Amino acid sequence: MKILVTGGAGYIGSHAVVQLIDQGYEVVVVDNLSTGHRWAIDERARFVKGDIRDHSLMDDLFQQEKIDAVMQFAADIVVAESETDPLKYYDNNVYGTIALLESMRKNNVKNIIFSSTAAVYGNTEAVPVTEDIPVAPISPYGHTKAFVEQILEDCHKAYGLNYCVFRYFNVSGAHEKYPIGQAVKHNTALIPIILEVAAGERESIQVFGDDYDTKDGTGVRDFIHVVDLVNAHILGLNKLFKHESAIYNLGNGQGFTVMEMIEAARKVTGYSVPAIITKRRPGDIAISIASSEKAKKELGWKPQYSDVEKIIETAWIFKIQAKYKKEPEYSFEVGV
């Protein structure tokens, strides 16, 4: 079977590509390389540089390739940026997916897996978070993902589209077999920022609030390894091919405080990670933990990375290898 991976040069998309290929799928990648990296795309995949909003390009691709299903990872994902430039997010995330769906419909491709986010839940205090909690996003980024989820359901009813939506919690780590990992110019995720401090690229990490009702006063979050995440997507293909649609949370189901994560990184890296306590950020909640029982039950998903130190270790190894790799094609500049 042949899978189209949009955004396949990005962090999660590139991991999906290698896992798909290793499991016997043919893979085609479409990416405009605005934030992804050419070096991250496995040589065994066919790569098309382009934008999913380009109707002509996508129609040509679907006509040339017999695509069985699409994994849609192409999106902008920085919550803070979405607040200052919402139109960019509505254009890329919402209109981009609409354009992709239009090309899929025109070329009779009826299966899609969509990369969503726990941000659709907003500031829910539910612990753990289950899929039946009403969506209530509070950021433009979260709204774009919630809108697309609704669009997929409407297309399911109108056109017989089969969809599988995965709502991610905190995706972390790096592949242990392939030299790919999280490589963005300005990190906003906790583990990469902690590792930047350990690597001497930042002086310290800010901890936003230590007065929550948690074991050490800092916020609790759920971290899932990127390989476990994409393996759930591959299992989701089986559901699509049965003409079924569903929405799933993806997390480890475990919570770790920010200070526990910092201490775990100190242990893994052997470096001090200075932490500065600051005020809470508006909108932050005390605890966010996923219930992924639905994915386990319906898809047979079994995450392999339950040890948070192991997750950090894979990210650290990738970071060190990338830092000292000299080949120019391994550049981390955006657009390369």
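Residues numbered from 1 in each chain as written. Predicted model: local features only at pLDDT ≥ 70, side-chain atom pairs only at ≥ 80, totals over all residues. Heavy atoms only, no water.

Quick look at the pattern of salt bridges now. Going through the model one piece at a time under the given rule, you end up with 24 salt bridges. The salt bridge involving Glu176 is made with Lys310; its shortest N-O contact spans 3.0 Å. With Glu176 in the loop between strand E7 (170–172) and helix H6 (190–198) and Lys310 in helix H10 (residues 308–324), the pair connects residues that are 134 residues apart, well separated along the chain. Here Glu309 makes a salt bridge to Lys267, at a shortest N to O gap of 3.5 Å. Highlighted residues: Glu309 in helix H10 and Lys267 in helix H8 (residues 258–269), separated in sequence by 42 residues. Here Glu309 falls in the partly exposed class, since its relative accessible area comes to 26%. (Salt bridge = Lys/Arg side-chain N within 4 Å of Asp/Glu carboxyl O. Helix = DSSP H or I, 4+ residues; strand = E, 2+ residues; numbered from the N terminus. Buried < 20%, exposed > 50% of the residue type's maximum accessible area, 1.4 Å probe, protein only.)

Counting buried positions along H6 gives 8 out of 9 residues, so the element sits mostly inside the fold. Turning to H6, its buried residues are Ile191, Pro192, Ile193, Ile194, Leu195, Glu196, Val197 and Ala198. Two residues or fewer after H6 comes Gly200, characterised by a positive phi angle close to 80 degrees.

The next point concerns unusual backbone geometry. Cis geometry is adopted by the peptide bond preceding Pro128, which originates at Val127 and carries an omega value of -5 degrees. Note that Pro128 resides in the loop between strand E5 (111–117) and helix H5 (140–159). With a phi angle near 60 degrees, Leu33 is a residue other than glycine that sits in the positive phi range. Examined against the element boundaries, Leu33 turns out to sit in the loop between strand E2 (26–31) and strand E3 (46–49). The phi dihedral of Asn108 is positive, around 60 degrees, even though this residue is not glycine. The topology assignment puts Asn108 in the loop between helix H4 (86–106) and E5.

Let us now look at the state of the cysteines. Enumeration over the complete set of coordinates arrives at 0 disulfides. Counting only cysteine sulfurs, Cys164 is the nearest neighbor of Cys155, a cysteine outside any disulfide, at a range of 16 Å. You can call Cys164 buried: its relative accessible area is 0%. (Disulfide = S-S within 2.5 Å.)

This brings us to the packing of aromatic side chains. Each pair of aromatic rings is reported with the distance of its centres and the angle of its planes. Scanning all chains against the criterion turns up 3 aromatic pairs. Taken together, a centroid distance of 6.1 Å and an interplanar angle of 35 degrees make the contact between Tyr90 and Phe147 tilted. Separated by 57 residues along the polypeptide, Tyr90 in helix H4 and Phe147 in helix H5 bring together distant segments of the chain. On the basis of relative accessible area, Phe147 is assigned to the partly exposed category, the value being 41%. We note Arg280 situated over the ring of Tyr212; from NZ or CZ to the ring centre the distance is 3.9 Å. The positively charged end of Lys294 is found above the aromatic ring belonging to Tyr248, 5.3 Å away from the centroid. (Phe/Tyr/Trp six-rings, centres within 6.5 Å; stacked < 30°, edge-to-face > 60°. Lys NZ or Arg CZ within 6 Å of the ring centre and 35° of its normal.)

A few words on the environment of Ser245. In this fold, Ser245 is placed in the loop between helix H7 (226–241) and strand E11 (246–250). With a relative accessible area of 25%, Ser245 lands in the partly exposed category. Taking C-alpha positions, Ser245 is 38 Å from Ile262, a pair spaced 17 residues apart along the chain. With residues up to four places along the chain from it excluded, the contact list for Ser245 reads His156, Leu161, Asn162, Tyr163 and Lys239. There is a polar contact of 3.5 Å between the side chain of Ser245 and the side chain of His156. Within polar-contact distance, the side chain of Ser245 engages the backbone nitrogen of Tyr163 at 2.9 Å. (Contact = heavy atoms within 4.5 Å. Polar contact = N/O pair within 3.5 Å; in protein donor to acceptor, adjacent residues only side chain to side chain.)

Turning our attention to the side chain of Thr269. Locating Thr269 in the fold gives a position in helix H8. Since its relative accessible area comes to 11%, Thr269 is described here as buried. A polar side-chain atom of Thr269 sits 2.8 Å from the main-chain carbonyl oxygen of Ala265. A polar atom in the side chain of Thr269 sits 3.1 Å from the backbone nitrogen of Tyr271. Those residues within four positions of Thr269 in sequence are excluded, and the remaining contacts are Leu195, Ala198 and Trp316.

Time to look at the sheet that holds strand E4 (residues 69–72). With parallel pairing, 7 strands are arranged side by side in an open sheet as E3-E2-E1-E4-E5-E6-E11. Two strands lie at the open edges of the sheet, namely E3 and E11, each paired on one side alone. Here the average twist between neighbouring strands, direction ignored, is 20 degrees. Note that strand E6 (residues 162–168) and E11 share 5 bridges and pair parallel. Looking across to E11, one finds that Phe166 is bridged to Tyr248. In the packing of H4 onto the sheet, contacts are made with strand E1 (2–6), E4 and E5, and the angle to E5 comes to roughly 170 degrees. (Pairing = 2+ DSSP bridges. Axes fitted to C-alpha atoms, helices over the stretch in contact; angles between N-to-C directions.)

Attention shifts here to the sheet that holds strand E14 (residues 287–288). On the basis of which strands lie adjacent, the open sheet formed by 3 strands has the order E12-E9-E14 and mixed pairing. Each of the sheet's edge strands pairs with one partner strand only, and the pair in question is strand E12 (256–257) and E14. Two strands pair when backbone bridges link them, and strand E9 (residues 220–221) and E14 are joined in this way by 2 bridges, in the parallel orientation. Bridge pairing links Val220 to Ile287 in E14.

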